[in-house]
Amino acid sequence: MTRDGEAIGLQPQVFDLLLFLAENRDRVVSKDDLVAAVWGNRPISDSALNSRINAVRKALQDDGKAQRIIRTIPRKGFRFVGDCEELAPAAKPIAKTVAAEPAPLPATVASERPAIAVLAFQNMSDDAEQEYFCDGISEDILTALSKVRWFFVIARNSSFTYKGRKVHIRRIAEELRVRYVVEGSVRKAGDRVRITAQLNDASTESHIWAEHFDRELVDVFAVQDEITNAIVAALEPQIYAAENFRAKRKPPASMDAWDLLMRGLSHYWRITREDHAAAQALLQQAIAIDPNYGQAQALLAASHMFGVHLGWADLAKAAPIAERAATLAVQLDRDDAWAHAALGSVYFSTRRLADALSEFETALRLNPNFCLAQGYYALALSYAGRTEDSFAAAQRAIRLSPRDPALALYYGIAGYARFMTRHYDEAIALAREAIRHRGDLTGAYRVLAVSAGMSGDAATAGTAMAELRRTQPNISLAWAATQLPWRNEADREHFLEGLRRAGLT
């Protein structure tokens with residue numbers, strides 16, 4: 001597309017949307033019309049559609065307030081109302097014979113939330129009766145991924161049509177209009193089974209992640225559940241990482257709300273003050289493109305409250321911003337686990353622990369493999385005085401996703417739960433494991449300092465306190481007493497005593 005003689009970069013889907021609106025400028029075009037023409041009848045959210053409409057307006061130097069060219073007709077659809085002149089197509093050049101190039105992936109593959117196909121796992125055993133187990137694993141992975149509202153998962157009836165056929169991954173992606181393909185195999189030998197899973201990026205024809213799992217087949221259904229949970233918990237952060245890498249390769253001017261969300265999520269996982277500031281800036285850009293982008297609102301809220309808990313942000317300033325964003329995220333999509341986890345984090349830091357636990361439990365019902373919600377739930381349980389439940393929840397997060405980008409948090413929370421039950425040596429070991437994964441994790445240094453202080457390990461306490469002052473310069477007894485949301489006064493005093501013995505005044 002050109003504007004005033006200058007080339008304007010447009011994503012293929014945005015151009016298709018503009019072209020369809022212009023060609024049908026004599027009438028109001030409904031959402032169903034647009035979904036059929038541009039998305040091939042794939043279901044999309046209102047926020048995804050609005051994001052694309054906003055991109056068209058931006059290219060035409062229009063906006064949602066003026067609506068000089070693209071007008072929104074409430075409860076009916078959209079209409080192209082700008083001046084338009086049709087030109088005769090230029091004469092086609094004489095065709096030249098060239099070597100065939102691989103067909104590009106459909107436009108829908110490169111936009112908004114990524115689409116994923118889970119193929120039927122291949123039975124590598126001689127036992128034909130194992131087909132049911134292979135199909136069961138595949139179906140369970142498909143169902144579990146469908147609970148992640150940030151992905152679009154192709155239905156079984158489409159993805160399983162490739163079972164038993166040797167079809168190239170790229171062709172499958174083109175036919176199903178997906179960006180990622182999950183495949184795998186099952187090999188049974190005696191009472192043992194090996195399950196291999198692999199995540200492929202069809203756009204680059206590369207393997208993003210692969211893992212195998214060896215188990216005793218004592219209880220088939222238990223093994224099936226365990227493996228499914230492990231695979232899905234591993235797949236989710238791998239897809240986010242791949243989406244962030246894809247977004248980084250785009251020119252800044254061409255990034256859409258999804259790209260900005262993925263860039264923001266990448267900074268979120270790094271758990272530093274600077275990265276969370278960068279994440280919030282990117283998420284604000286995404287929200288500027290689409291104010292009703294629930295995922296961006298949820299992540300923005302979670303980032304603000306994470307800063308509060310680690311002492312980077314002031315509770316009085318951050319909580320109202322976060323609560324507005326999290327509440328809006330839940331209103332926009334009540335089935336998004338991230339939205340409920342974000343609202344739970346607001347309730348946690350504002351001392352509404354019962355409400356926080358309820359929101360985290362809702363998030364886990366919506367997506368049982370959501371490790372970050374599991375970790376937040378463990379933290380809230382510990383501050384509510386349910387320390388054994390807290391330790392079990394943190395251990396579940398660690399087992400569920402042993403390569404999770406937030407793994408250090410889960411070890412730190414498990415350590416805090418052990419501190420609260422006065423198992424100081426275990427708490428020290430878990431805090432050190434958290435620090436091994438993230439050397440600048442403030443919460444882990446808190447746990448290490450108080451545990452070493454209470455156990456009488458002055459050297460470890462002194463070292464931990466020095467690192468704590470480095471990562472949280474504003475740490476003080478007054479800060480801990482007023483900013484951390486204990487339900488029980490005895491738990492608060494226990495923690496403060498640990499800080500005193502570690503040398504904090």
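Note that the coordinates shown come from a computational prediction; the quantities given were computed from them, not determined experimentally.

Conventions adopted
Residues numbered from 1 in each chain as written. Predicted model: local features only at pLDDT ≥ 70, side-chain atom pairs only at ≥ 80, totals over all residues. Heavy atoms only, no water. Helix = DSSP H or I, 4+ residues; strand = E, 2+ residues; numbered from the N terminus. Contact = heavy atoms within 4.5 Å. Buried < 20%, exposed > 50% of the residue type's maximum accessible area, 1.4 Å probe, protein only. Pairing = 2+ DSSP bridges. pLDDT = per-residue confidence, 0-100. Phe/Tyr/Trp six-rings, centres within 6.5 Å; stacked < 30°, edge-to-face > 60°. Lys NZ or Arg CZ within 6 Å of the ring centre and 35° of its normal. Core = buried A, V, L, I, M, F, W, Y, C linked by side-chain atoms within 4.5 Å. Axes fitted to C-alpha atoms, helices over the stretch in contact; angles between N-to-C directions. Parallel < 35°, antiparallel > 145°, perpendicular 65-115°, else oblique. Lys, Arg positive; Asp, Glu negative; His and termini not counted. Salt bridge = Lys/Arg side-chain N within 4 Å of Asp/Glu carboxyl O. Left-handed = near helix turned anticlockwise from the far one by under 90°. Nonpolar A, V, L, I, M, F, W, Y, C, P; charged D, E, K, R; others polar. Polar contact = N/O pair within 3.5 Å; in protein donor to acceptor, adjacent residues only side chain to side chain.

### Describing the overall build of the chain
Along its length, the chain carries 21 helices and 10 strands. Looking at the chain alone, contacts between residues at least 24 apart form 61% of all its contacts between residues at least 6 apart.

### Quick word on the pairing of strand 5 (residues 115-118)
Side-chain alternation along strand 5 places Ala-115 and Ala-117 on one buried face and Ile-116 and Val-118 on a second face that is also buried. By the bridge criterion, two bridges tie strand 5 to strand 7 (residues 152-153) in an arrangement that is parallel. Paired with Ala-115 across the bridge in strand 7 is Phe-152.

### A short note on unusual backbone geometry
Its identity as a non-glycine residue notwithstanding, Gln-67 has a phi of 50 degrees, on the positive side. The residue Gln-67 is located in the loop between helix 3 (46-59) and strand 3 (70-73) in this model. Within the chain, Ile-271 stands out as a residue other than glycine whose phi angle is a positive 60 degrees. Since its relative accessible area comes to 2%, Ile-271 is described here as buried.

### A closer look at the confidence of the model for the chain
Overall, the prediction assigns the chain a mean pLDDT of 85, with 89% of residues at 70 or greater. Confidence drops under a pLDDT of 50 for residues 88-111, and excluding neighbours within four residues, the segment shows 32 contacts in the predicted structure.

### Quick word on the environment of Asp-335
Examined against the element boundaries, Asp-335 turns out to sit in the loop between helix 11 (315-332) and helix 12 (337-349). Residue classification places Asp-335 among the partly exposed residues on the basis of a relative accessible area of 40%. Sequence spacing of Asp-335 and Leu-366 is 31 residues, and the spatial spacing of their C-alpha atoms is 6.5 Å. Residues in contact with Asp-335, not counting those within four places in the same chain, are Arg-149 and Leu-366.

### With respect to the packing of aromatic side chains
Taken as a whole and assessed by the stated rule, the structure comprises 15 aromatic pairs. A ring pair is formed by Tyr-268 and Phe-306, whose centres lie 6.1 Å apart and whose planes are at 50 degrees; its orientation type is tilted. With Tyr-268 in helix 8 (residues 257-268) and Phe-306 in helix 10 (residues 294-309), this pair connects stretches of sequence that are 38 residues apart. Both residues of the pair, Tyr-268 and Phe-306, belong to the buried class. Taken together, Phe-348, Tyr-383, Tyr-416, Phe-419, Tyr-424, Trp-486 and Phe-495 form an aromatic cluster joined through their ring pairs. The ring of Phe-391 is capped by Arg-418, whose NZ or CZ atom sits 3.8 Å from the centre of that ring.

### So, the nonpolar core
Ranked by internal contacts, the top residues of the largest apolar core, which has 144 residues, are Trp-150, Tyr-268, Trp-338 and Leu-372. Those residues in contact with Tyr-268 that sit more than four places away from it in its chain are His-276, Ala-279, Leu-299, Ala-302, Ser-303, Phe-306, Trp-338, Leu-372 and Tyr-376. Core analysis: the second largest hydrophobic core is formed by 19 residues, Val-14, Leu-21, Val-38 and Phe-80 among them.

### Quick word on the environment of Ala-120
Residue placement: Ala-120 occurs in the loop between strand 5 and strand 6 (122-123). As for Ala-120 and Asp-135, which are separated by 15 residues in sequence, their C-alpha atoms are 5.8 Å apart.

### A look at the packing of helix 16 (residues 407-420) against helix 21 (residues 489-501)
Packing of helix 16 against helix 21 leaves a shortest axis separation of 11 Å and a crossing angle of 105 degrees. Relative to helix 21, the element helix 16 is oriented roughly perpendicular. Contacts between helix 16 and helix 21 involve Tyr-416, Phe-419 and Met-420 on the former and, on the latter, Asp-491, His-494 and Phe-495.

### Remarks on the side chain of Asp-404
Mapped onto the elements, Asp-404 comes out in the loop between helix 15 (387-400) and helix 16. Buried charge without a salt bridge: Asp-404, with Arg-438 as the nearest opposite-charge side chain at an N-O distance of 8.2 Å. If we skip the residues at most four places from it in the chain, Asp-404 touches Cys-371 and Tyr-410.

### Brief notes about the pattern of salt bridges
On inspection of all chains with the given rule, the structure shows 20 salt bridges. Of the charged contacts in the structure, one is a salt bridge between Arg-418 and Glu-388, with a shortest N-O distance of 3.7 Å. Taken together, the residues Arg-418 in helix 16 and Glu-388 in helix 15 connect sequence positions 30 residues apart. Judged by its relative accessible area of 46%, Glu-388 falls in the partly exposed class. The shortest N-O distance in the salt bridge between Arg-500 and Glu-497 comes to 3.1 Å. Here Glu-497 and Arg-500 lie together in helix 21, a separation of three residues that amounts to about one turn.

### Describing the environment of Val-330
Positionally, Val-330 belongs in helix 11. In this structure Val-330 comes out as buried when scored by relative accessible area, which is 6%. Put simply, Val-330 and Ala-341 are 11 residues apart on the chain and 9.7 Å apart in space, counted from C-alpha to C-alpha. Residues within four places of Val-330 in sequence aside, it is in contact with Ala-339, His-340 and Leu-343.

### Description of the packing of helix 17 (residues 424-437) against helix 18 (residues 442-455)
Running from N to C, helix 17 and helix 18 cross one another at 155 degrees; their axes reach a closest spacing of 9 Å. In terms of their interaxial angle, helix 17 and helix 18 are classed as roughly antiparallel. Along this stretch, helix 17 crosses helix 18, giving a crossing that reads as left-handed. Together, Tyr-424, Ala-427, Ile-428, Ala-431, Arg-432, Ala-434 and Ile-435 of helix 17 and Ala-444, Tyr-445, Val-447, Leu-448, Ser-451, Ala-452, Met-454 and Ser-455 of helix 18 make up the contact between the two elements. Of the residues that constitute the contact of helix 17 with helix 18, the class distribution is 12 nonpolar, two polar and one charged.

### Considerations on the side chain of Asp-201
Considering the arrangement of structural elements, one finds Asp-201 in strand 9 (residues 192-201). Among the residues examined, Asp-201 registers a relative accessible area of 11% and is labelled buried. Polar contacts involving the side chain of Asp-201 include one to the side chain of Ser-203, which spans 2.6 Å. Ignoring sequence-local partners within four residues, the contact set of Asp-201 consists of Arg-179, Tyr-180, Ser-206 and Ile-208.

### As for the pairing of strand 9
Strand 9 sits mainly inside the fold: seven of its 10 residues count as buried. The pairing of strand 8 (residues 180-189) with strand 9 spans 10 bridges and is classified as antiparallel. Among the inter-strand pairings, Glu-183 is bridged to a residue of strand 9, identified as Gln-198. Linking strand 8 back to strand 9 in an antiparallel pair, the connection comprises two residues, with Gly-190 at a positive phi of about 65 degrees. In this antiparallel pair of consecutive strands, strand 9 and strand 10 (residues 206-216), the connection spans four residues, and Glu-205 shows a positive phi of 55 degrees.

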